[in-house]
Amino acid sequence: MDNHILLVGPWQVCKAFFENLFRPDFFKIVFCSLGRIGLGFFLALFGGILFGAFSYRYSLLEEILAPVMVTLKSIPVASFVVLLLIWFGSARLSFFISFLIVFPNVYVNTIAGLKSTDKKLLEMAGVFGVKGWNRFLFIYRPALMPYLTSCLKISLGMSWKSGVAAEVIGMPEYSLGERLYMSKIYLDTAGLFAWTLTVILLSFLFEKVILYLVKKMEAWKPYPDGVYSANDNPVEEIHICNVAKAYDNLKVLEEFSMTLKKGQRYCLMAPSGSGKTTLLRLLNRIEQVDSGSIEGIPKRVGMVFQEDRLCEGYDTVKNIMLTMRKKEISRNHVQEEAMRILPENCLDKPVKELSGGMRRRCAILRAMLSGAELIIMDEPFTGLDEENRKKTALYILEKLEGRTLLVTTHREEDVELLQGVKIEL
């Protein structure tokens, strides 16, 4: 013990660490290494997310980049180091190595996170016309962040280990790797441990700062800015002509025709499995007809699905504002409307904490306040008791304001509540 060459003691390491700390060039060494490794990491992070997003959007790009990513993950770091030394010299070596270590991990996890996005929420966004930043923030981001956080926990440490190792080989001026190598040259074991301790502390702080920022990004829940809908077309009549639809040779709809007139309320009744939901999916463009035609559907449809299809981590008000037209969006207005059929104390809670009946009413509010010309509801009163059925039905009738309503139901009482025209499929 306490051998200054083979294995120094803690006191010698601490002494060497503080001696390094008061070196005139200590902070220059630290910031130069931090700059090279940090720049490589951030470029890999943003590049991996960007290319991952484009590969998710364009499958051809994913196929083209797949062998490249396998190659980057398979080639030993030492091979990269030698090639990069030949191509670029030692000054930029740690930057490139940090980038090459982090980029494939971020890229792969970005694609995996985006592919895990709830397809039903994406269908909801398409029906209501939610696009761009709102779609990313409220639908893609909650699916992406767990993958990205897990990836960063691994990649942050790897970037520092590989970056400092590259500096040891390349020995650029004013680098931690150069100091480690010089400690080896002079058999300065205390200095070796002291510089290693510096690397550990920098890696730890770097990781904590990045993960803190990522956590803040994940927890950020702004209010949406609504849907741009200046080109919404008014609905006069929707003509369904001889529509047929089949799944795997099983005919669900066959030669079905009807006309939905503006301002009318229709209640569609039929046994389960007879095609009610399929008809609604045709009207909101999620499905396409096999034959026949549907004409007059507006660009946006206000829809209450069989499932609630809410953004689970966001409160009632944000879920409703997400699908409203920009010119009509107002937080206070939404709160006032929501309190007409929901308790006030539930408005600021994430919808995943609400009861089934409350979630259902939130979905109804979202459809009614969306400003869409056509309102479609698939068994909207599921999970509501009689009192809330009546209160919600009165609210729907009041907020229709001359718009067309199509509802599927199994109850005759719902037809009376909505004062609708009964249609049997």
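Residues numbered from 1 in each chain as written. Predicted model: local features only at pLDDT ≥ 70, side-chain atom pairs only at ≥ 80, totals over all residues. Heavy atoms only, no water.

**Student:** A description of the sheet that holds strand β5 (residues 301-304) should follow, citing residues and the corresponding values.
**Tutor:** If you walk across this open sheet you meet the 5 strands as β5-β6-β7-β3-β8, and the pairing is parallel. At either end of the open sheet lies a strand with only one pairing partner, and these are β5 and β8 (421-424). Averaged over all pairs of adjacent strands, the angle between their axes in this sheet comes to 20°, without regard to strand direction. As paired elements, strand β3 (residues 265-269) and β8 share 4 bridges and run parallel to each other. (Pairing = 2+ DSSP bridges. Helix = DSSP H or I, 4+ residues; strand = E, 2+ residues; numbered from the N terminus. Axes fitted to C-alpha atoms, helices over the stretch in contact; angles between N-to-C directions.)

**Student:** Which residues make up the confidence of the model for the chain, and what are the values?
**Tutor:** Overall, the predicted model of the chain reaches an average pLDDT of 89, with 98% of residues at or above 70. Highest mean pLDDT in the chain belongs to helix α13 (residues 356-368) (94); lowest belongs to helix α4 (residues 77-88) (78). (pLDDT = per-residue confidence, 0-100.)

**Student:** Tell me about the pattern of salt bridges, and please be specific about residues and values.
**Tutor:** The tally for this structure, following the rule as stated, stands at 23 salt bridges. Among the salt bridges present, the one from Lys245 reaches Glu287, with a minimum N-O distance of 3.8 Å. Taken as a pair, Lys245 in strand β1 (residues 237-247) and Glu287 in the loop between α10 (276-283) and β4 (291-295) lie far apart in primary sequence, 42 residues in all. Each member of the pair, Lys245 as well as Glu287, is classed as buried. Here Glu386 makes a salt bridge to Arg411, at a shortest N to O gap of 3.2 Å. Residue Glu386 is found in helix α14 (residues 386-400), and its partner Arg411 is found in the loop between β7 (404-408) and α15 (412-418); the two are separated by 25 residues along the sequence. Take Glu386: its relative accessible area is 40%, and that puts it in the partly exposed class. Connected via shared salt-bridge partners are Lys120, Glu123, Lys245, Arg281, Glu287, Asp290, Glu307 and Arg309. (Salt bridge = Lys/Arg side-chain N within 4 Å of Asp/Glu carboxyl O. Buried < 20%, exposed > 50% of the residue type's maximum accessible area, 1.4 Å probe, protein only.)

**Student:** Kindly report on the packing of aromatic side chains, identifying the contributing residues and their values.
**Tutor:** Following the criterion strictly, the structure yields 17 aromatic pairs and no others. Ring centres 6.0 Å apart and planes at 70° place the aromatic pair Phe42 and Phe206 in the edge-to-face group. Of the two residues, Phe42 is situated in helix α2 (residues 26-57) and Phe206 in helix α9 (residues 189-219); the sequence distance between them amounts to 164 residues. On the basis of relative accessibility, which here comes to 32%, the residue Phe42 falls in the partly exposed class. When the centroid spacing of 5.8 Å and the interplanar angle of 80° are considered together, the rings of Tyr56 and Tyr140 count as edge-to-face. One end of the pair, Tyr56, is in helix α2; the other, Tyr140, is in helix α7 (residues 132-170), and 84 residues separate them in sequence. Residue classification places Tyr56 among the partly exposed positions, given a relative accessible area of 24%. Here a set of aromatic residues connected by ring pairs shows up, and it is made of Phe26, Phe27, Phe31 and Trp195. Above the ring of Tyr174, the side-chain terminus of Lys28 is found at 4.0 Å from the ring centroid. (Phe/Tyr/Trp six-rings, centres within 6.5 Å; stacked < 30°, edge-to-face > 60°. Lys NZ or Arg CZ within 6 Å of the ring centre and 35° of its normal.)

**Student:** An account of the nonpolar core is requested, with residue identities and associated values reported.
**Tutor:** Side chains that are nonpolar tend, in soluble globular proteins, to be buried together. Counting 76 residues, the largest nonpolar core has Ile139, Ile240, Leu283, Ile294, Met368, Met377 and Ile396 as the members making the most contacts within it. Take this core: its biggest share by element is 7 residues, from α13. Discounting residues that sit within four places of it in the chain, Ile294 has contacts with Ile238, His239, Ile240, Val243, Leu282, Leu283 and Val289. Of all hydrophobic cores here, the second largest spans 41 residues; its members include Phe41, Leu93, Trp195 and Leu211. (Core = buried A, V, L, I, M, F, W, Y, C linked by side-chain atoms within 4.5 Å. Contact = heavy atoms within 4.5 Å.)

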